[in-house]
Every structure is written in C-alpha cells, then in structure tokens.
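# Understanding the architecture of this molecule
As a plain string of letters, each chain reads:
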Amino acid sequence: MSFETTVATKPLAAAAVRLARLLPARAMQPAQTAVLVRVAADRLVLAAAGGELSAEVGVPATGHAPGEVVVARHALADTLASLDAPEVGLAVEGSRLAIRTSGARFALPALDDAARPALAPPPARVGTVAGAALAGAAAVCGAASRDGALPLFTGVRVRSTDGRLSLMATDRYRMAAATVPLRGSGEVAALVPAVLLAEMCRQAGRAETVEVRADAGRIGLAWAGSTVVAASLAGPYPDQQLDRLLDVAPECTVEVEADALSAAVERAQPYAGPQGRVALCAHDGAVEVRGRDPLHGESEETVKASVRGDHLTAHFQGRFLLDALRPFAGRTVTMRVQAGLRATAFTMPDADLTYLVVPMHADD
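Residues numbered from 1 in each chain as written. Predicted model: local features only at pLDDT ≥ 70, side-chain atom pairs only at ≥ 80, totals over all residues. Heavy atoms only, no water.

### Regarding the pattern of salt bridges
Evaluation of the coordinates by the stated rule reveals 17 salt bridges. With its nearest N and O atoms 2.7 Å apart, the salt bridge here joins Glu-251 to Arg-342. Taken together, the residues span a long stretch of sequence, with Glu-251 in the loop between helix H5 (239-245) and strand S18 (252-257) and Arg-342 in the loop between strand S24 (332-337) and strand S25 (344-348) at a distance of 91 residues. A relative accessible area of 37% places Arg-342 in the partly exposed class. One connected set of salt bridges, linked through shared partners, spans Asp-171, Arg-174, Asp-323 and Arg-326. (Salt bridge = Lys/Arg side-chain N within 4 Å of Asp/Glu carboxyl O. Helix = DSSP H or I, 4+ residues; strand = E, 2+ residues; numbered from the N terminus. Buried < 20%, exposed > 50% of the residue type's maximum accessible area, 1.4 Å probe, protein only.)

This is how it looks when you write it as structure tokens:
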C-alpha cells in the first residue's frame, strides 16, 4: 500500500478529469466511486471502474517507492484541480493519501478493500488505427438514439471488415456510418453506448496511434498510457438491413459549402414550426432553404450550390440537418437526394463518412 512519488500537477489533474468524464457521475456501490492510485517505476496510474466500464489513465512520475492506495475519485479530482503548484507530491501516510505542494498539505482517507475498483484484464489486441481518423469517425455517435427505452439504438456498432474498422449508429430517423483503416488481423464486433464511445474517441484522438482491443462482449482502446474497456450492449443489431440503406441512388446531387448551408438552416429554425420542419429546394446553381409557420411567419434564403439531376424539394427536421452538416464543417459537402421519403446522404469525396437523414412528409 505504501508509496511516495512526485508528479507534474497539470497532467495529473487532467488525467483525473479524463477519468471522471468516462465514468458515471453517480453510482450506488463504493467501488464505482473510488479510484486506485498505483505507482510503479516512472509512472502513476489512476484506475477506476463503473457500470460496464473500466479505465486506466497514466502520467509520468518520479517514484521513490512503489505501491497503491484506493481513495474517493471525486475528492482526488477536486483537490488536484484546485492546485496551482507546478508539482505535487503524493505519499501514503498511515491511513491517508497525503497530497503535498510547497506550501500546502491535503489528506484523503484510504478506503478499504470493499471499495477497490473491479478491474478485469484488458481484452486482446486486435490492431491499431490513427487517432485523428478515429476521432473523425466518432461523428457517427451523434446519430444514435437518446431514448433509453430503445437501448439497442443508443449504441454504435463497431465492426472490423477487410482491414477497416467501421462505426455505424442510427435512431431510426437518421443514420451515420464511417470507416477507418485498421492495421491488424483481429476481429471486432461490439455495440458500444454512443455517449461513452464519443468520449473514448475524443480522448484517444489526441494520440498518433490507438490500439483497438476486443474479445467476446468487450471492446477497448489503448493509447499513450491510457486504457479504456467497455462492455458491449446486449441484443442483435440489424446489420444487413442498415447496410442496405447506404446504397443510395440519388435523383439529385448537390455540392454546397457545409458552413453556408448550416448557417441558413440555423436562420430558418425560428420559422420551422412546431415540427421543426425546414425545406431544401434544389434548383439550378442554388439550394433554397425555407421555413414556414402560421404563427411566426416564413423565411426563404438562397445558398449557392452545384446541382446535378432533377430539381427536388425535401423537408427535414432542422436539428437533424444541423447534426448531419456538423462533421463537414469548413468543407464542401455532397448531398445525394433521393425522391420521396428515402434518405438523403451527406458525404465528402475524401472522407469515409456518410450521414443519412430521412425526410419528413411536407405536411407532417
């Protein structure tokens, strides 16, 4: 149990924050509110578990004696966040974890074995992906459902196929799919809660290379001294049905600046009525963005665009349009519009990301 070490304050405080963002804010069991502080050689590791997830975050340290101790996770994070000293010393003193700076000392009670986080060994290494590519692919998480009554659709399907790692999510009204190159021959098949996967990818995206780990029922990411392992959601995912939706046959193709179209949709929102309906009308050289509501009036705005094929009008929920355009910010987005109530696909030529949005009836 006993140890003593010195760590740079800012990286350690940031590690505690990253850990807190991955784990549930509230928990019923003591082990889910605790953090294991472990020192070995030249590293300090914070390890915690909550629900179906376990995480370890490491930072460089100057260790004078190895060891470990379990303390309250939020108390440690709050104490570290309040410090402005460049370095902090940590040492086990009796039944306390002492946190020292040049002019202050704080002591957190050590918790007993019942509060020790249950940390299972990480699954086997499947392969590696580029961190930046993984962070970009995580844009699909926004298409997952937020309705806890439909847990299957709150997850992101993560699957390996032919040297690619694919991510797919849907809430039944929109769908997003992305792929990134996977270096390795292992297999991945998991359904990961979208909110959790988004945070995992956001943190891992800072690293140049990210290890993907997986076994039956679990998936993990490891990068730069950090490892996060999550359990897969239960239940079969409608893979084949959803994959077929990606085969879009457009009657109209529109190329438009994503930021310009997004801004026009934002301005149309106050006129979109109780259903939030915004119309996109594609014609020669432009897309007209319309909102109409008997109580609030109407809006019409023209955005320059390249339009090929039939001139079509499609109605969408404005917030779904904004979500679809967000991953393409600063770029030209291609809209592949199908007639009727078939989904419109948003893509870019040089990105393996497709975002589908199902249109609304004009009079919904």
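### Remarks on the confidence of the model for the protein chain
The predicted coordinates should not be examined in detail at positions where pLDDT is low. When pLDDT is averaged along the protein chain, the result is 90; 95% of the residues meet or exceed 70. The least confident element of the protein chain, judged by mean pLDDT, is H5 at 66; the most confident is helix H6 (residues 258-268) at 97. (pLDDT = per-residue confidence, 0-100.)

### Concerning the packing of H6 against helix H7 (residues 318-325)
Two numbers describe how H6 lies on H7: the axes approach to 10 Å, and their chain directions differ by 160 degrees. By the angle between their directions, the pair H6 and H7 is classed as roughly antiparallel. As H6 packs across H7, the resulting crossing turns out to be left-handed. Residue-level contacts link Ala-258, Leu-261, Ser-262, Val-265 and Glu-266 of H6 to Gly-318, Leu-321, Leu-322 and Leu-325 of H7. In terms of residue class, the contact of H6 with H7 is built from 6 nonpolar, 2 polar and 1 charged. (Axes fitted to C-alpha atoms, helices over the stretch in contact; angles between N-to-C directions. Parallel < 35°, antiparallel > 145°, perpendicular 65-115°, else oblique. Left-handed = near helix turned anticlockwise from the far one by under 90°. Contact = heavy atoms within 4.5 Å. Nonpolar A, V, L, I, M, F, W, Y, C, P; charged D, E, K, R; others polar.)

### Examining helix H4 (residues 194-204)
In terms of residue burial, H4 counts as a mostly covered element, since 8 of its 11 residues are buried. Residues of H4 that are buried: Ala-194, Leu-196, Leu-197, Glu-199, Met-200, Cys-201, Gln-203 and Ala-204.

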